[in-house]
Amino acid sequence: GAFSDPGDALTVLTGAPVEYRECATARKHAGVSEQLWQRVCTTVDAGYVVCAGTSGSRQSQADDLMKMGLEPLRAYAIAAAVQVRVGSDKTQRLIQLRSPSSNTVWQGDWGPESPLWTTAIRAEMTGKCDTGAEQGCFWMAWDEFLVHFHGIYICLCRADWQRSADRTCVNVQPSRFRPDFRYSL
C-alpha cells in the first residue's frame, strides 16, 4: 500500500522510531534553524536514515515546486549536509538530496547548472561528499531547503543496525553518501 507519511513508511520498513522536525518553525526562527541544522548534520554523519518531504497539497504549491524542479508530495533522501566557504569571510550551508525519480532537475541555486559552483568550492567539497554527479542527487542551500520542504524525518536506524522479528531479519546498508539504501529481508 501507499504511505502518505514518509515517517510511517520508514517505521514499517525498519521497525525503528522516526523523529519528525518541522521546517516552517525553523524558517521563522534562527535559533530553531540552527538546532535543526545541527540535528541533521549529526544524524546524517552518524549514518541514520534521514529524508525530507515536500509540500504540494494545494495546486499552487505543487505548481511552484514543479517550476523549481521538485516533485510535490514526495520524500527525498538527505545524503549530506555541509558548510562550504563561498568567499574569504562567508560560508554557505548546503544540503544534498536525492530525488525519488530523475524526472525533474533542481533549477535553483546550487543546482547542477548553477554558476555558484566554482572550481574552489568543488575542490573544497572533494573528499567530503559527492558534488552531484550521481543521477538524481542535487545540492540546495539550507535556507532554500527550509522554504520548499515541510519537514525532516529522522529514522533512528543506523547503518550497522540489525533487527530480527518473526524470523525476518532486516539489514540496512547505506552507500557511502547515503542517497540509496539497500534493504534485505
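Cut-off values and rules
- Residues numbered from 1 in each chain as written.
- Predicted model: local features only at pLDDT ≥ 70, side-chain atom pairs only at ≥ 80, totals over all residues.
- Heavy atoms only, no water.
- Helix = DSSP H or I, 4+ residues; strand = E, 2+ residues; numbered from the N terminus.
- Buried < 20%, exposed > 50% of the residue type's maximum accessible area, 1.4 Å probe, protein only.
- Salt bridge = Lys/Arg side-chain N within 4 Å of Asp/Glu carboxyl O.
- Phe/Tyr/Trp six-rings, centres within 6.5 Å; stacked < 30°, edge-to-face > 60°.

Details of unusual backbone geometry
No. 1: A positive phi angle, close to 55 degrees, is found at leucine 73, a residue other than glycine.
No. 2: Tracing the chain through its elements places leucine 73 in the loop between α4 (59-68) and β3 (75-85).
No. 3: Classification of leucine 73 as exposed rests on a relative accessible area of 54%.
No. 4: Look at tryptophan 110: it is not a glycine, yet its phi comes out positive at around 75 degrees.
No. 5: Note that tryptophan 110 resides in the loop between β4 (91-98) and α5 (119-125).
No. 6: Classification of tryptophan 110 by relative accessible area gives buried; the value is 4%.

Digging into the pattern of salt bridges
No. 1: As enumerated under the stated definition, the model contains four salt bridges in all.
No. 2: Where glutamate 19 meets arginine 21, a salt bridge forms, and the shortest distance between an N and an O atom there is 2.9 Å.
No. 3: Classification of glutamate 19 by relative accessible area gives buried; the value is 17%.
No. 4: The class of arginine 21 is partly exposed, set by a relative accessible area of 30%.
No. 5: In this structure, the salt-bridge partner of arginine 74 is glutamate 71, at a minimum N-O distance of 3.1 Å.
No. 6: The class for arginine 74 is partly exposed, based on a relative accessible area of 40%.
No. 7: Exposure remark for glutamate 71: the relative accessible area of 9% places this residue in the buried category.

Topic: the packing of aromatic side chains
No. 1: Under the definition given, this model contains nine aromatic pairs.
No. 2: Consider the rings of tyrosine 76 and phenylalanine 138, whose centres lie 6.0 Å apart with planes at 85 degrees: the pair is edge-to-face. Of the two residues, tyrosine 76 is situated in strand β3 and phenylalanine 138 in strand β5 (residues 137-141); the sequence distance between them amounts to 62 residues. The same class applies to tyrosine 76 as to phenylalanine 138, namely buried.

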